[in-house]
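Secondary and tertiary structure notes
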Amino acid sequence: MGTVTLINNETGEKFEFDLIDCKRGPKAIDFSKLFETAGIFSYDPGYGSTAGCKSTVSYINGKEGQLLYKGIPIQEIVEKYNFTDVAKLLITGEAPKDKAESEAFDLELRHRSFLHEGLINIFSAFPDNAHPMANLSSAVAALSTFHFDHKEMEEENDYQTMARRIIAKITTLVAFSYRNAIGAPFIYPDVSRNYVENFLYMLRAYPGGHLKHTLKGEEEITDLEVEAMNKIFVLHADHGQNASTTTVRNVASTGVHPYAAISAGINALWGPAHGGANEKVLVQLNEIGDVKNVNKFIERVKDKSDPFRLMGFGHRVYKSYDPRAKAIKNLKDELNKKGIKMNQRLSEIAEKLEEVALSDDYFIQRGLYPNVDFYSGIILTALKIPVPLFTPIFVIGRMPGWCAQLLEHVKNPQARITRPRQVYIGD
Ligand code: CMC
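Residues numbered from 1 in each chain as written. Predicted model: local features only at pLDDT ≥ 70, side-chain atom pairs only at ≥ 80, totals over all residues. Heavy atoms only, no water.

Attention now moves to the packing of aromatic side chains. Overall, the coordinates contain 16 aromatic pairs when judged by the stated rule. Pairing Phe 17 with Phe 31 gives two aromatic rings, centres 5.1 Å apart and planes at 85°, and the pair type is edge-to-face. Of this pair, Phe 17 sits in strand β2 (residues 14-20) while Phe 31 sits in the loop between β3 (28-29) and α1 (34-38), and the two are 14 residues apart along the sequence. Here Phe 17 falls in the buried class, since its relative accessible area comes to 5%. For Phe 31, a relative accessible area of 31% corresponds to the partly exposed category. Seen from their ring centres, Phe 123 and Phe 176 are 6.2 Å apart, and the 70° between their planes marks the pair as edge-to-face. One end of the pair, Phe 123, is in the loop between α5 (117-122) and α6 (132-146); the other, Phe 176, is in helix α7 (residues 156-181), with 53 residues separating them in the sequence. (Phe/Tyr/Trp six-rings, centres within 6.5 Å; stacked < 30°, edge-to-face > 60°. Helix = DSSP H or I, 4+ residues; strand = E, 2+ residues; numbered from the N terminus. Buried < 20%, exposed > 50% of the residue type's maximum accessible area, 1.4 Å probe, protein only.)

Shown next as C-alpha cells:
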C-alpha cells in the first residue's frame, strides 16, 4: 500500500492519502476522509474516476476487453455454465459442483417461479400496449408487498430466499408483462421445464399449455433455442458498477425493501444509454434498411452538431472490443450455421456498420467498439422474441448480478447511505 500527497497550491497545505491495492487493475486513492482532513471534496460528474464500493462480483479490464465473474473469465463461464449455475455462482459465491446440484438449484427456482394471484391482478390495471419495462418495474415494486418479510434480513437463509425468489419470479413477470401488453392470456409456469425453457414456454404457449408443433411433429421450443437463450442471459449477468447496479446499491443504501431497490434498477436499465440500447439498435438497423445506406448513416453519427449516436457502440469502461459483444457475435454465426436463421439483411447491415466504424478515425480515436447490445437483438429476433422484450431480457440476465451486488452492500456493516456532494453554482 502506498500513499499520494495532495498539495493545495493556494494554501501550501499538504495532505497524505492511502493508496488501495485493488486485487486486479489500477490502484485507488482512498478519498473517503478527504473532506474531513482537507476541507475540500472531489468533483467527478458521471463518476468516471470514482469507486463507490469494494466488490468481488465481477471485474472488467476495459483496455484488454476482459470480463470476469467471481474471478472466472466470461469465455469460460459461457462455455461451462448455464444461466442458473451462474445465478448460483453470483449470489452464493459458488457454482453448482455437479449436475445434481445444478439441477436442484434450477428446480428450486422453478418452484419459486409462481406469482401470488393478487399480484397477477396488478397487470389488469395497466393499459394495453404499455411498454413491458414499465409494467415490470411496477410489478417488481409490488412484489415487495407480497414478500414484505425481506425488508428485514439477518441470516444467510433470509438473503438467499430473497434473491432466489426474485430471480425465479422475474421470468414469469417478464412473460406476464408482455402478454398483458398484447392482451394475451397468461400462461403459468410449467415446473417440468427448466428455468430458461420455461421462460420461452410462458411467452409462446397457448392456453392449456399447448405449443405450436413443427411439421415434423417436434415441440416448438428446441434445445438449441434454450442453449442460445441461456448464453444471452449468462452474458448479461453482471457488469461492475454500471448505472443500474449503482442505482440498486444507492437505493438499497437507504434501507428500503430490496425489491424496491431492484425496481429502481429496472428503471435505470430502461434508458437507451444503458440496457434500452438493445431495442434501439434494432430500430436503427431497420431504419438504415440497406447496406448501401451505411456510409451515409455513419456520417450522421459523426456529425457533432447532431446528438445522434450509433446505438450498441461505445462504453464507459471498454476502450477495446467488449468481450460480451464478441461472444454474442460468435453465437449469432454459430446459431445461423446450426439452423436458427438470422435475418440476413439486418445481420449484413450490422456487420457493415461495424466494419466501417472500426476503420474510421472518429471511432478509433474515441475507442468506440460494439458493445453487448449491438448483435444481441439479431439473435433475439431469430428466437422470435418481440422487440419491446429485448430490455426485459436484459433484466432477467442482470437479476443475479443486482442481487449479488445488493447483498454485498447490505451485508457490509461499514456500508453507508450514498450521499454525494455537489459543486454549488447557484446564487
Ligand atoms: N456513437 C457516436 N459517438 C459516440 C458514441 C456512439 N455510440 N458513444 C460515444 N461517442 C462519442 C461521444 O460523442 C464523445 O465524443 P466527443 O469526445 O467528441 O464529445 C466520445 O465518444 C465519448 O463519449 P461519452 O458520451 O463521453 O462516453 P460515455 O462513457 O459517457 O458514454 C455510452 C458511454 C455507452 C453511454 C455511449 O458510448 C453511448 O451513448 N453509446 C450508445 C448507447 C449504447 O449502446 N449503450 C449501451 C451501453 S453497453 C450496455 C450496458 O451496459 O448498458
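Having seen it, we continue.
Here we come to the site of the ligand. His 274, Lys 304, Leu 310, Arg 316 and Tyr 362 are the nearest of the 21 residues found near the ligand. At 2.9 Å from an oxygen atom of the ligand is found a side-chain nitrogen or oxygen belonging to Arg 309. Taken by itself the ligand offers 930 Å² of open surface, and the protein chains cover 75% of this. When grouped by side-chain class, the residues that make up the shell around the ligand number 10 nonpolar, 6 polar and 5 charged. (Near = heavy atom within 4 Å. Polar contact = N/O pair within 3.5 Å; in protein donor to acceptor, adjacent residues only side chain to side chain. Areas by Shrake-Rupley, 256 points an atom, 1.4 Å probe, with all protein chains shown as cover. Nonpolar A, V, L, I, M, F, W, Y, C, P; charged D, E, K, R; others polar.)

Relative to β2, strand β1 (residues 3-7) is paired through 5 bridges, and the arrangement is antiparallel. Note that in β2 the partner of Val 4 across the bridge is Phe 17. What sits between β1 and β2 in their antiparallel hairpin is a turn of 6 residues, with Gly 12 showing a positive phi close to 80°. (Pairing = 2+ DSSP bridges.)

What follows concerns the nonpolar core. Nonpolar side chains in soluble globular proteins tend to be buried together. In terms of nonpolar packing, the biggest core is built from 120 residues, with Ile 170, Leu 173, Met 229, Ile 262, Leu 353 and Ile 385 touching the most fellow members. A total of 12 residues in this core trace back to one element, the largest contributor, which is α7. Beyond its immediate chain neighbours, meaning those up to four positions away, Leu 353 contacts Leu 285, Ile 288, Val 294, Phe 297, Ile 298, Leu 310 and Phe 374. (Core = buried A, V, L, I, M, F, W, Y, C linked by side-chain atoms within 4.5 Å. Contact = heavy atoms within 4.5 Å.)

Relative to each other, helix α12 (residues 277-288) and helix α15 (residues 344-358) sit at 95°, their axes nearing to 10 Å. For the element pair α12 / α15, the angle class is roughly perpendicular. Judged by residue contacts, Leu 282, Leu 285, Asn 286 and Ile 288 of α12 engage Arg 345, Leu 346, Ile 349, Ala 350 and Leu 353 from α15. Classifying every residue of the contact of α12 with α15 by side-chain character gives 7 nonpolar, 1 polar and 1 charged. (Axes fitted to C-alpha atoms, helices over the stretch in contact; angles between N-to-C directions. Parallel < 35°, antiparallel > 145°, perpendicular 65-115°, else oblique.)

Turning our eyes to something else, we now look at the sheet that holds strand β6 (residues 72-73). The antiparallel open sheet is built from 3 strands, whose spatial order is β4-β5-β6. For this open sheet the edge positions go to β4 (58-61) and β6, each flanked by a neighbour on one side alone. Alignment of strand β5 (residues 66-69) against β6, held across 2 bridges, turns out to be antiparallel. In the sheet register, Tyr 69 faces β6, and the bridge partner there is Ile 72.

Generally, phi is negative for residues other than glycine and the peptide bonds are trans, each holding for most cases. Its identity as a non-glycine residue notwithstanding, Asn 129 has a phi of 70°, on the positive side. As for its placement among the helices and strands, Asn 129 is situated in the loop between α5 and α6. What makes Asn 129 exposed here is its relative accessible area of 69%. With a phi angle near 65°, Lys 384 is a residue other than glycine that sits in the positive phi range. By secondary structure assignment, the location of Lys 384 is in the loop between α17 (373-382) and α18 (390-411).

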